[in-house]
Amino acid sequence: MGEPIVLILSADAAVKPDSIVERIRKHTNNQDRITLGTEDPPESFGYPYQIHTKYYDTQVVLCAHSSAELSTVPSAILKRTEGILIYFDAKDRNFLERLPAYGAFVQQHEIEFGILLCSTLQDSSADGVTYGEAKSQCTVLDVIELEPNADEADNEVAGAVEATGVDELIQAMHNYIWSNVNIHRGSRNAATPDDDGSALLPTNHPANADGGGENEDDGPITEEEERIIEAELNGFERLLTEVMNFQPNTSNWTRNERLMYAEELAEMFDNMFEEDDSIEQP
């Protein structure tokens, strides 16, 4: 089926979807461009984007669609779309009238990762679109300012500087669990995970815990080893389910609440791996 697609639309004629791609990838789009879909124009172009985190690696395709009209998105692209980014002009209040249609589109196609992008939100409805208005009109899409005010950019939460602007968008993409991720042990294990997901298997089971060079190829795993593997896999599955449901479960939360919950999930990951490593130590 190919890599997941992140569909990028712009409802602001002054900002092209390709420019959003460049800001995410942090280099120009003069290479790696691929044409997506085989239907009639407008054409859609894709750009590969590698995501590497402490826990997984994956690659998605950033699709810069040349029209803001949802009806023009080819079905071949929609079948692979797992995320959507919609840029809008926060000074144009007419955009609020279009928001319900975007929300319905996201729900209809079961797109769980969806974000509205703008330069800077307005503090007053007299000047344009505010954060509260955007969220009230469309609860299934989060909102990120690519050029927040200086006081917002310096905001600190729980003693740590909160990512803002393009970095906040990139962080959101890294925090989402895409369908083609390869889970690994991050900096604790530099080995590349196998395609069958074997990186999820514990490294401290009796077959190699004594450091004697034994491995799984020496014979079938024992009943005890199988029990340990199954327990750890179940733990991963429960945690990944929470991460995958992060977007819909927190869509109505404030940014600070979302950040604190994300930190809790990250701590759960750390605790899981640290517990595994403490067993491995001689």
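Residues numbered from 1 in each chain as written. Predicted model: local features only at pLDDT ≥ 70, side-chain atom pairs only at ≥ 80, totals over all residues. Heavy atoms only, no water.

J.: Just give me the short version of unusual backbone geometry, but keep the residues and values in it.
T.: You will see that K26, though not glycine, has its phi angle at about 60°, which is positive. By the secondary structure assignment, K26 is in the loop between α1 (17-25) and β2 (34-36). The class of K26 is exposed, set by a relative accessible area of 57%. (Helix = DSSP H or I, 4+ residues; strand = E, 2+ residues; numbered from the N terminus. Buried < 20%, exposed > 50% of the residue type's maximum accessible area, 1.4 Å probe, protein only.)

J.: So what's going on with the side chain of S67? Which residues, and what values?
T.: The residue S67 is located in the loop between β4 (56-65) and α2 (75-78) in this model. Its relative accessible area of 15% is what places S67 among the buried residues. One polar contact links the side chain of S67 to the main-chain amide nitrogen of E69, over a distance of 3.0 Å. (Polar contact = N/O pair within 3.5 Å; in protein donor to acceptor, adjacent residues only side chain to side chain.)

J.: Can you break down the pairing of strand β3 (residues 44-52) residue by residue, with the values?
T.: The pairing of β2 with β3 spans three bridges and is classified as antiparallel. When the bridges of β3 are listed, T35 appears paired with F45. (Pairing = 2+ DSSP bridges.)

J.: An account of the nonpolar core is requested, with residue identities and associated values reported.
T.: Core analysis: the largest hydrophobic core is formed by 37 residues, its most contacted members being I24, L62, L85, L117, L169, M173 and W178. With near-sequence residues (within four places) excluded, L85 lies in contact with V6, L7, I8, L9, I24, F113, I115, L117 and L169. Membership of the second largest hydrophobic core comes to 30 residues, among which are L9, L70, F88 and L141. (Core = buried A, V, L, I, M, F, W, Y, C linked by side-chain atoms within 4.5 Å. Contact = heavy atoms within 4.5 Å.)

J.: Lay out a negative patch on the surface in plain terms, naming residues and giving numbers.
T.: Together, E223, E226, E230 and E237 make up a negatively charged patch on the protein surface. By the secondary structure assignment, E237 is in helix α7 (residues 223-244). (Patch = residues over 30% accessible without salt bridge, like charges linked within 9 Å, V, L, I, M, F, W, Y side chains within 5 Å. Areas by Shrake-Rupley, 256 points an atom, 1.4 Å probe, with all protein chains shown as cover. Salt bridge = Lys/Arg side-chain N within 4 Å of Asp/Glu carboxyl O. Lys, Arg positive; Asp, Glu negative; His and termini not counted. Charge placed at Lys NZ, Arg CZ, Asp CG, Glu CD.)

J.: Requested: an account of the environment of A68, with residues and values cited.
T.: One can find A68 in the loop between β4 and α2. Expressed as a C-alpha distance, the spacing of A68 and I86, which sit 18 residues apart in the sequence, is 8.4 Å.

J.: Explain α7 residue by residue, including any values.
T.: End to end, α7 covers 31 Å across 22 residues, agreeing with the expected 32 Å (1.5 Å per residue, within 8%). Among the residues of α7, E225, I228, I229, G235, F236, L239, L240 and V243 are the ones counted as buried. On an axial view of α7, the arc spanned by its buried residues comes to 130°, and they lie on one face. Facing away from the buried surface of α7 by more than 90 degrees, the exposed residues are E223, E237 and R238. (Expected span 1.5 Å × (residues − 1). Arc of directions from axis to C-beta.)

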